[in-house]
Amino acid sequence: MRRRMLGLAVAVMTLAGAAGCGSSDSGSGGASSAGGSGKTTRVTVGVIPIVDVAPLYLGQKKGFFAERGIELKTVTAQGGAAIIPGVVSGQFQFGFSNTTSLMLAQTKGVPVKSVVNGAASNGKVGADVTAVLVKKDSPVRSAKDLAGRTVAVNTLQNIGDTTVRESVRKAGGDPTKVKFVEIPFDQMPAALDGGRVDAAWMGEPAQTVAKAQGARVVASPFAETDPKLTVATWFTSAKIVQQDPALVKNFTEAMTESLEYATAHPDEARQILTTYTKIGGDVLSGLILPAWPPQVDTASLEKLAALGEGDGIFGGKKPDIQALFP
């Protein structure tokens, strides 16, 4: 999520000639044989090493993908902005991205299609998967006080600053007076503790690390924007949707089962993090988990799109929520 989306169309064109990892096979019957003939389809998925993608790894461990003839290969990327061109070029068959990045891609004409939910706000103000934190002795007491302050986000003009502005607006502050700076999540605790910024919008595990340093929460932008906010989804290219609907169906079903299992077994979801991140010990036990509903919340996406439009993220174009999300 560190890379900006402004050059996305160019990036897609650059990657379009790259050799895809199995992309030439994805539409040639491999998926259609999955789950019925005993054959296996290798599927490469672009992921971000964060808490939100835990259901994929848990579902892989539980055999939900193998049962449908899918052999997963995960490739780590910096964020959705890097994964989107990889999916369109065929480097990945599926990928994970926040919903604002997908909306921006669509308004730029990038042929992507969300297939199943990824993660959502847990709806708990003060204990959501992302939060704005300040130092213990900061004069900032609420989101209203962020006006006139410098706030770190991992990517400018994206889901972070859009939802932070909404928290400020709802608290009675002036969202136009907030100054945003771009800092990677893993560097935010140090940036906040060192006084480089007044506040930082952090995901997990960054916010748990910051709290251990004495930082405190002053806003929960996702939950305050919408308690059911769909934050990210799993998506594929329009080409794969058209050429290999069986693969899309099998992946969607396996991912849906994974989301349901992770929701019902949060301790297992938490533990699976140790297999693809360096999270452990006290940080692992203190992590706040997102919600993992199997379906997107369309109303929350419409609200997020409207906020993004107001921020000028989409260049005057309106995202088509119904066409982009299932």
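Per-chain numbering applies: the sequence of each chain, read as written, is numbered from 1 onward. For this predicted model, a pLDDT threshold of at least 70 governs which residues receive local features, and a threshold of 80 or more governs which side-chain atom pairs are given and counted, while totals over whole chains, interfaces and linings are taken from all residues. Values shown for side chains rest on all heavy atoms present in the structure; no hydrogens or waters enter the calculation.

Caption draft 1: Fine view of the overall build of the chain. Every helix listed is a DSSP run of H or I at least four residues long, and every strand listed is a run of E at least two residues long, numbered separately from the N terminus. Each helix and strand in the chain was counted, giving 15 helices and ten strands. To sort residues, take the accessible area from a 1.4 Å probe on protein chains only and compare it with the maximum for the residue type: under 20% means buried, over 50% means exposed, and anything in between is partly exposed. For the chain, buried positions account for 55% of its 326 residues. Residues count as neighbours in contact if any of their non-hydrogen atoms are within 4.5 Å of one another. Considering only contacts in the chain between residues 6 or more positions apart, those separated by 24 or more positions represent 82%. Computed with the Shrake-Rupley method and a 1.4 Å probe, the accessible areas treat only the protein chains shown as cover for residues. Accessible area of the chain: about 13,200 Å², with a carbon and sulfur share of 51%.

Caption draft 2: The arrangement of the pattern of salt bridges in detail. Salt bridge criterion: a side-chain nitrogen from Lys or Arg within 4 Å of a carboxyl oxygen from Asp or Glu. Within this structure, the stated rule accounts for nine salt bridges. A salt bridge links Arg169 to Glu166, with the shortest nitrogen-to-oxygen separation between them at 2.5 Å. Highlighted residues: Arg169 and Glu166, both in helix H6 (residues 159–170), separated by three residues, approximately one helical turn. Several salt bridges share partner residues, and in doing so they unite Arg68, Lys249, Glu253 and Glu257 into one network.

Caption draft 3: Geometry of the sheet that holds strand E4 (residues 112–120). Note on pairing: two strands pair once DSSP finds at least 2 bridges between them. Reading across from one edge, E2-E1-E3-E10-E4 is the order of the five strands in this open sheet, with mixed pairing throughout. The sheet is open, and its two edges are formed by strand E2 (70–76) and E4, each paired on a single side. When strand polarity is set aside, the average angle formed by the axes of neighbouring strands in this sheet is 25 degrees. Angles run from 0 to 180 degrees between N-to-C directions of axes, and those axes are lines fitted to C-alpha atoms, restricted for helices to the stretch in contact. Relative to strand E3 (residues 94–98), helix H4 (residues 80–89) is tilted by about 150 degrees, and along the sheet it contacts strand E1 (41–47), E3, E4 and strand E10 (230–237).

Caption draft 4: Quick look at the pairing of E4. In terms of burial, E4 is a largely internal element, eight of the nine residues being buried. Across seven bridges, the pairing between E4 and E10 is antiparallel. Residue pairing across strands places Asn117 opposite Thr233, the latter belonging to E10.

Caption draft 5: Structural detail: the confidence of the model for the chain. For the chain, the average pLDDT comes to 88, and 88% of its residues sit at 70 or higher. Confidence of the predictor at the level of single residues is captured by pLDDT, which takes values from 0 to 100. Per-residue pLDDT stays below 50 along residues 1–36; that stretch engages in 81 contacts with residues further than four places along the chain or on separate chains.

Caption draft 6: View of the packing of H6 against helix H14 (residues 298–311). Their axes nearest at 10 Å, the elements H6 and H14 cross at an angle of 95 degrees. Taken together, the axes of H6 and H14 are roughly perpendicular relative to one another. Listed contacts from H14 to Ile159, Thr162, Thr163, Arg165, Glu166 and Arg169 of H6 are Leu304, Leu307, Gly308 and Asp311. Only Asp, Glu, Lys and Arg are considered charged, only Ala, Val, Leu, Ile, Met, Phe, Trp, Tyr, Cys and Pro nonpolar, and every remaining residue, Gly among them, polar. Partitioning the contact of H6 with H14 into residue classes produces three nonpolar, three polar and four charged. Between 65 and 115 degrees an angle is taken as roughly perpendicular, under 35 as roughly parallel, over 145 as roughly antiparallel, and anywhere else as oblique.

Caption draft 7: Up close: the nonpolar core. Among the buried residues, those of types Ala, Val, Leu, Ile, Met, Phe, Trp, Tyr and Cys that are joined through side-chain atoms within 4.5 Å form a nonpolar core. Residues Val45, Leu56, Met103, Leu146, Trp234 and Phe251 are the most contacted members of the largest nonpolar core, which totals 82 residues. It is helix H11 (residues 245–264) that provides the largest number of residues to this core, a total of eight residues. Of all hydrophobic cores here, the second largest spans 13 residues; its members include Leu192, Met202, Ala206 and Ala215.

Caption draft 8: Summary view of the sheet that holds strand E5 (residues 131–134). Spatially, the five strands line up as an open sheet ordered E7-E6-E8-E5-E9, and their pairing is mixed. Looking at the sheet topology across the chains shown, the edges are occupied by strand E7 (179–182) and strand E9 (216–219). Ignoring which end each strand starts from, the neighbouring axes of this sheet average 35 degrees apart.

Caption draft 9: Fine view of the packing of aromatic side chains. Classification of ring pairs rests on two measures: the distance between centres of Phe, Tyr or Trp rings, Trp counted by its six-membered ring, which must be within 6.5 Å, and the angle between planes, read as stacked under 30 degrees, edge-to-face over 60 and tilted in between. Evaluation of the coordinates by the stated rule reveals eight aromatic pairs. Measuring from ring centre to ring centre gives 5.5 Å for Phe185 and Trp201, while their planes differ by 50 degrees; the resulting arrangement is tilted. Here the residue Phe185 occupies a position in the loop between E7 and helix H7 (188–193), and Trp201 occupies one in strand E8 (residues 199–202), the gap between them amounting to 16 residues. Take Phe185: its relative accessible area is 21%, and that puts it in the partly exposed class. The exposure class of Trp201 is buried, given its relative accessible area of 1%. A network of ring pairs unites the aromatic residues Phe65, Phe94, Phe96, Trp234 and Phe251 as a single cluster.

Caption draft 10: Just unusual backbone geometry, in detail. Of note, the amide linkage connecting Glu204 to Pro205 takes the cis form, showing an omega dihedral of 10 degrees. Residue placement: Pro205 occurs in the loop between E8 and helix H8 (206–212).

Caption draft 11: Region of interest: H6. Residue count minus one, scaled by 1.5 Å, sets the expected span of a helix. If you check H6, its first and last C-alpha atoms are 17 Å apart, about what twelve residues at 1.5 Å a residue would give, namely 16 Å. In terms of burial, H6 is a largely internal element, ten of the twelve residues being buried. When we look at burial in H6, the residues that qualify are Ile159, Gly160, Asp161, Thr162, Thr163, Val164, Arg165, Glu166, Ser167 and Val168. Once H6 finishes, Gly172 follows within two positions and takes phi at roughly 95 degrees, a positive value.

Caption draft 12: Examining H11 more closely. For H11, which comprises 20 residues, the first-to-last C-alpha distance of 29 Å matches the rise-based estimate of 28 Å (1.5 Å per residue) to within 8%. Three or more residues of H11 are buried, namely Leu247, Val248, Asn250, Phe251, Thr252, Ala254, Met255, Thr256, Ser258, Leu259, Tyr261 and Ala262.

Caption draft 13: Here's a closer look at the side chain of Asp128. Inspection of the secondary structure puts Asp128 in the loop between E4 and E5. Under the convention used here, Asp and Glu are negative, Lys and Arg are positive, and both His and the chain ends fall outside the count. Buried charge without a partner: Asp128 forms no salt bridge, and the closest opposite charge is Lys124, 8.5 Å away.

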